[in-house]
Amino acid sequence: MELSKIMALDGEYVAKTYARYPVAFEGGKGATLIGTDGKEYIDFGAGIAVNAFGAGDEEWKRAVIAQLDRIQHVSNYYYQEPQAKLAELLCKKTGASRVFFGNSGAEANECAFKAARKYAAVKYGEGRKRILSLEGSFHGRTLFTLTATGQEEFHRDFGPFVPEVASFPPTEEGLNKALDERVAAIIIECVQGEGGVNELSLPFTRALARECEKRDILLICDEVQSGNGRTGKYFAYEHYGLHPDLVTTAKGLAGGLPIGACLFFGKTADVFSAGDHGSTFGGNPVSCAAAVNIVSRIDEALLLEVRAKADYLRTKLAQFDGVKGVSGIGLMIGLSVEKNSKEVARQCLERGLLVLTAHDKLRLVPPLTITKLEMDEGLSILKEVLK
Ligand SMILES: Cc1ncc(COP(=O)(O)O)c(C=O)c1O
């Protein structure tokens, strides 16, 4: 279908929640997508850090199709191999004890919040319900995760919000003011993605971890965007030497199919019992088979490659005219630019490059498997536009 027809249909029938760019994609390979007009686009966005191995990865497709040939869905009343295998793989890779599967990042965080409240209720009674998050954070669009999202602009018109949820600035002073006996858990993104690709400071995360440990407050790391190899480690918290109690992830986990996961570590392992939580589609066998393929391929060699690609991109980008600063970790790159970031993204699209924005920054989260050629093509477009 032609782009103009797709746009007309979408404009008439799809809820108006997205301000879309005027482009639709028909296919692609790796970090190169093909528009409905036949034009090629270098992909520095990966569907917002989702297509970890790019478009149309052959091995990943084979894993997905093989599962489709078996069965597409079974209810969580029954056992199934891909979900069990994926849970084992994630636990062995990270040291987690158990995993709950949902369908999205928001659901993974909902699960972590419920687990934290139950852990605190069972151990300390009803006075300990508080979930703290950081200002500038993003944790999802459901009401609980939206309440925890520390950016007022997302809250407008949607109150009343979930009680006993609050945000504080990511500083030691902010932390000390926010802590008291009511706090059950603190959720952090080690690299705040939607908030502007800002990495937390090491002294702050150390202080946070120390207080959580001392007060038996659960530390939740939201690795929805930063996880699954994106920063050059399997999870971004590894750069900080943290030992979270709960870890949530989604986006890149299944390489492009919907999935969310909440990983339970140590003392939280058995917080839930049958009936406490659930999801019809959560841990769908096709998504899990896709994720088994992705997770088992994110090994040390791939992480080394991610770090090398990140160094290459970051070094080049820092030298471009019009770039004021480079932030983030690994292939989660924030660019402060002199021009308006939204306008830069629009001009990049016109010239055949897909980039994301986060507040006034550009956000680059290419597939982990992007090639040197694709990086160079994207960089040359960006250089021209930023000048
Ligand atoms: C850090 C973080 N947490 C949670 C979410 C919500 O994920 P989803 O859109 O899959 O619900 C996002 C989405 O951008 C995210 O970046």
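Residues numbered from 1 in each chain as written. Predicted model: local features only at pLDDT ≥ 70, side-chain atom pairs only at ≥ 80, totals over all residues. Heavy atoms only, no water.

## Remarks on unusual backbone geometry
The peptide bond linking Gly159 to Pro160 adopts the cis configuration, its omega dihedral lying at 5°. As for its position among the elements, Pro160 is in the loop between helix H6 (143-148) and strand E6 (165-168). One non-glycine residue, Ala49, lies in positive phi territory at about 60°. Along the chain, the position of Ala49 falls in helix H2 (residues 46-49). Positive phi outside glycine occurs at Asp157, with the angle close to 75°. Note on placement: Asp157 falls in the loop between H6 and E6. (Helix = DSSP H or I, 4+ residues; strand = E, 2+ residues; numbered from the N terminus.)

## Observations concerning the sheet that holds strand E5 (residues 130-134)
Ordered in space as E4-E12-E11-E10-E7-E5-E6, the seven strands form an open sheet in which the pairing is mixed. The strands lining the two open edges of the sheet, one partner per strand, are strand E4 (98-102) and E6. For this sheet the average axis-to-axis angle between neighbouring strands, irrespective of direction, equals 20°. Two elements, strand E7 (residues 183-188) and strand E10 (residues 218-222), share four bridges in a ladder whose sense is parallel. Looking at the pairing, Ala185 lines up with Leu218 of E10. Across the sheet, helix H4 (residues 81-94) lies against E4 and strand E12 (260-264), angled at about 130° from E4, the strand it touches most. (Pairing = 2+ DSSP bridges. Axes fitted to C-alpha atoms, helices over the stretch in contact; angles between N-to-C directions. Contact = heavy atoms within 4.5 Å.)

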